[in-house]
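Structure at a glance
Each chain, written out:
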Amino acid sequence: MTDVTDGVLHTLFHSDQGGHEQVVLCQDRATGLKAVIAIHSTALGPALGGTRFYPYASEEEAVADALNLARGMSYKNAMAGLDHGGGKAVIIGDPEKIKSEELLLAYGRFVASLGGRYVTACDVGTYVADMDVVSRECNWTTGRSSENGGAGDSSVLTAFGVYQGMRASAQHLWGDPSLRDRTVGIAGVGKVGHHLVEHLLAEGARVVITDVRQDAVRRIADQHPSVRVVADTEELIRVEGLDIYAPCALGGALNDDSVPVLTATVVCGAANNQLAHPGVEKDLADRGILYAPDYVVNAGGVIQVADELHGFDFDRCRAKAAKIFDTTLAIFARAKDDGIPPAAAADRIAEHRMAEARGL
């Protein structure tokens with residue numbers, strides 16, 4: 001057994017980052033499916049979280065990511081006021097190479113075998129069309145197309161929620177929620193990021209972008225010539241005069257290398273698990289950088305897919321997502337009152353709701 005495996009098991013059974021209720025390893029050799037389903041908590045209701053399809057360097061790394069993401073979903077769903085616990089699934093492999101209808105159907109059967117303890121949806125590497133396939137084998141599937149009884153693309157409301165978090169950050173820091181003439185740097189302009197660009201430009205913000213995928217960059221640049229493009233995230237976080245940094249790709253964007261050189265005074269983005277390790281939130285606070293907790297501001301998507309289970313209504317969901325503005329402000333106020341970083345304040349609020357549900 002490798003040291004990495006020991007680390008994963010220690011996280012699951014012994015560390016403060018663990019405490020998960022259930023972890024399921026899934027394999028279907030006929031289709032090449034290897035997947036991990038992690039259920040962190042069902043205290044508030046069935047665990048809800050997306051399925052990530054990603055070419056992990058190892059199975060151990062995939063398990064570790066599933067654990068982290070599932071835990072984050074417990075907190076996200078609690079802060080969004082949903083009657084759902086947290087779960088997450090990862091499928092190991094390059095979706096461009098191994099994704100197939102048969103593989104997705106096999107995955108759907110594994111999710112169905114949990115009997116509703118876990119409800120799945122889209123995430124990195126999976127899309128509405130994929131959830132339509134999964135739903136053929138599993139009733140506990142959200143993020144489906146409207147033609148198949150679903151709500152469609154959840155990235156629309158995810159971006160809207162992040163935008164509300166930015167407005168709340170501006171209100172708290174500068175006394176005005178307007179983002180006009182603010183410079184916002186977005187790392188990742190894919191499913192969520194490109195919608196966020198639209199919100200910001202509509203309000204008159206200056207936007208700087210980067211993405212590892214040149215087709216995503218070209219789509220934005222062609223549609224909006226005023227948007228500035230930089231080579232990579234390393235350049236983006238050093239842009240002079242940057243007001244807000246929005247990590248909208250994979251996690252770990254805020255780390256020991258990026259935080260010391262970050263020029264922005266606000267971090268508010270759609271990526272999950274932005275803090276690379278415990279303590280980064282204090283490093284941000286020590287530098288005077290306001291951090292809007294990722295799982296609070298990016299909850300618009302999960303609000304949408306949760307609503308789908310009860311008969312989707314876009315206006316109702318948008319109204320719920322708009323409340324991310326007030327929730328973010330409340331977290332900043334709690335952080336100030338308790339003398340702690342906003343990430344810690346959000347955790348306390350979420351943990352209190354989960355503890356109440358367990359009768360503790």
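Not measured: the values here are computed from a predicted model.

1. Re the side chain of histidine 84
Mapping histidine 84 onto the fold places it in the loop between helix 2 (59–79) and strand 5 (85–92). Polar side-chain contacts of histidine 84 include one of 2.9 Å to the backbone oxygen of proline 46. With near-sequence residues (within four places) excluded, histidine 84 lies in contact with Leu44, Gly45, Pro46, Leu48, Asn77, Ala306 and Leu309.

2. Description of unusual backbone geometry
If you check the backbone angles, aspartate 181 has positive phi at about 70 degrees while not being a glycine. Examined against the element boundaries, aspartate 181 turns out to sit in the loop between helix 6 (155–174) and strand 7 (183–187). Despite not being glycine, asparagine 273 has its phi angle at roughly 50 degrees, a positive value. Residue position: asparagine 273 is located in the loop between strand 11 (266–267) and helix 10 (280–286).

3. Details of helix 2
When the terminal C-alpha atoms of helix 2 are compared, their 30 Å separation across 21 residues agrees well with the 30 Å that a helix rising 1.5 Å per residue should span. Buried residues dominate helix 2, accounting for 16 of its 21 residues. Of the residues trailing helix 2, glycine 81 is marked for its positive phi of about 75 degrees.

4. A few points about the packing of aromatic side chains
For any two aromatic rings, the description comes down to two numbers: the centre-to-centre distance and the angle of the planes. Per the counting criterion, the structure on display carries three aromatic pairs. With a centroid separation of 6.4 Å and an interplanar angle of 70 degrees, the aromatic rings of phenylalanine 312 and phenylalanine 314 are classed as edge-to-face. Of the residues examined, phenylalanine 312 reaches a relative accessible area of 28% and is grouped as partly exposed. Arginine 182 extends its terminal NZ or CZ atom over the ring of tryptophan 174, reaching a point 3.8 Å from the ring centre. Above the plane of the ring of phenylalanine 160 lies arginine 318, whose end atom (NZ or CZ) is 4.0 Å from the centre.

5. Observations regarding the environment of isoleucine 324
Mapped onto the elements of the fold, isoleucine 324 is located in helix 14 (residues 324–338). We classify isoleucine 324 as buried; its relative accessible area is 5%. Through-space distance from the C-alpha of isoleucine 324 to that of glycine 300 is 8.1 Å; in sequence the pair is 24 residues apart. Those residues in contact with isoleucine 324, other than ones at most four positions away along the chain, are Gly161, Gln164, Gly165, Val296, Val297, Ala299 and Gly300.

6. What about the pairing of strand 2 (residues 33–41)?
In the case of a regular strand, side chains alternate between the two sheet surfaces. In terms of burial, strand 2 is largely enclosed, as eight of its nine residues are buried. Examined bridge by bridge, strand 1 (residues 22–28) and strand 2 share seven bridges and lie antiparallel to one another. Looking at the pairing, glutamine 27 lines up with lysine 34 of strand 2. With six bridges connecting them, strand 2 and strand 5 associate as antiparallel partners. Its bridge partner lying in strand 5, isoleucine 39 is registered against glycine 87.

7. Section: the nonpolar core
Residues Met166, Ile186, Leu196, Leu200 and Ile209 are the most contacted members of the largest nonpolar core, which totals 44 residues. What methionine 166 contacts, discounting residues up to four positions off in sequence, is Leu179, Val184, Leu196, Leu200, Ile244, Ala246 and Cys268. Core analysis: the second largest hydrophobic core is formed by 22 residues, Leu33, Ile91, Leu103 and Val133 among them.

8. So, the sheet that holds strand 8 (residues 206–210)
What holds strands together in a sheet is hydrogen bonding between their backbones, with the strands either parallel or antiparallel. Here we have six strands laid out as an open sheet, ordered 9-8-7-10-11-12, and parallel in their pairing. Since the sheet does not close on itself, it has two edges, and those belong to strand 9 (228–229) and strand 12 (290–291), each with one partner. As defined by bridge partners, strand 8 adjoins strand 9 across two bridges and the pair is classed as parallel. What sits directly across from isoleucine 209, in strand 9, is valine 229. Its contacts with the sheet place helix 7 (residues 193–203) against strand 7, strand 8 and strand 10 (244–247), and it is angled at close to 170 degrees to strand 7.

9. Examining the packing of helix 12 (residues 300–308) against helix 13 (residues 314–322)
Between helix 12 and helix 13, whose axes approach to 9 Å, the crossing angle comes to 145 degrees. Note on packing geometry: the crossing formed by helix 12 with helix 13 is right-handed. Residues Gly300, Ile303, Gln304 and Asp307 of helix 12 touch helix 13, and the partners they reach there are Arg316, Cys317, Lys320 and Ala321. Across the contact of helix 12 with helix 13, the residue classes tally to three nonpolar, two polar and three charged.

10. Comments concerning the environment of isoleucine 340
Locating isoleucine 340 in the fold gives a position in the loop between helix 14 and helix 15 (342–357). Judged by relative accessible area, isoleucine 340 falls into the buried class, the value being 17%. Once the C-alpha coordinates of isoleucine 340 and glutamate 281 are considered, the two residues, 59 residues apart in sequence, prove to be 9.4 Å apart. Aside from chain neighbours lying at most four places away, what touches isoleucine 340 is Ala335, Ala345 and Arg348.

Rules used in this analysis
Residues numbered from 1 in each chain as written. Predicted model: local features only at pLDDT ≥ 70, side-chain atom pairs only at ≥ 80, totals over all residues. Heavy atoms only, no water. Helix = DSSP H or I, 4+ residues; strand = E, 2+ residues; numbered from the N terminus. Polar contact = N/O pair within 3.5 Å; in protein donor to acceptor, adjacent residues only side chain to side chain. Contact = heavy atoms within 4.5 Å. Expected span 1.5 Å × (residues − 1). Buried < 20%, exposed > 50% of the residue type's maximum accessible area, 1.4 Å probe, protein only. Phe/Tyr/Trp six-rings, centres within 6.5 Å; stacked < 30°, edge-to-face > 60°. Lys NZ or Arg CZ within 6 Å of the ring centre and 35° of its normal. Pairing = 2+ DSSP bridges. Core = buried A, V, L, I, M, F, W, Y, C linked by side-chain atoms within 4.5 Å. Axes fitted to C-alpha atoms, helices over the stretch in contact; angles between N-to-C directions. Left-handed = near helix turned anticlockwise from the far one by under 90°. Nonpolar A, V, L, I, M, F, W, Y, C, P; charged D, E, K, R; others polar.

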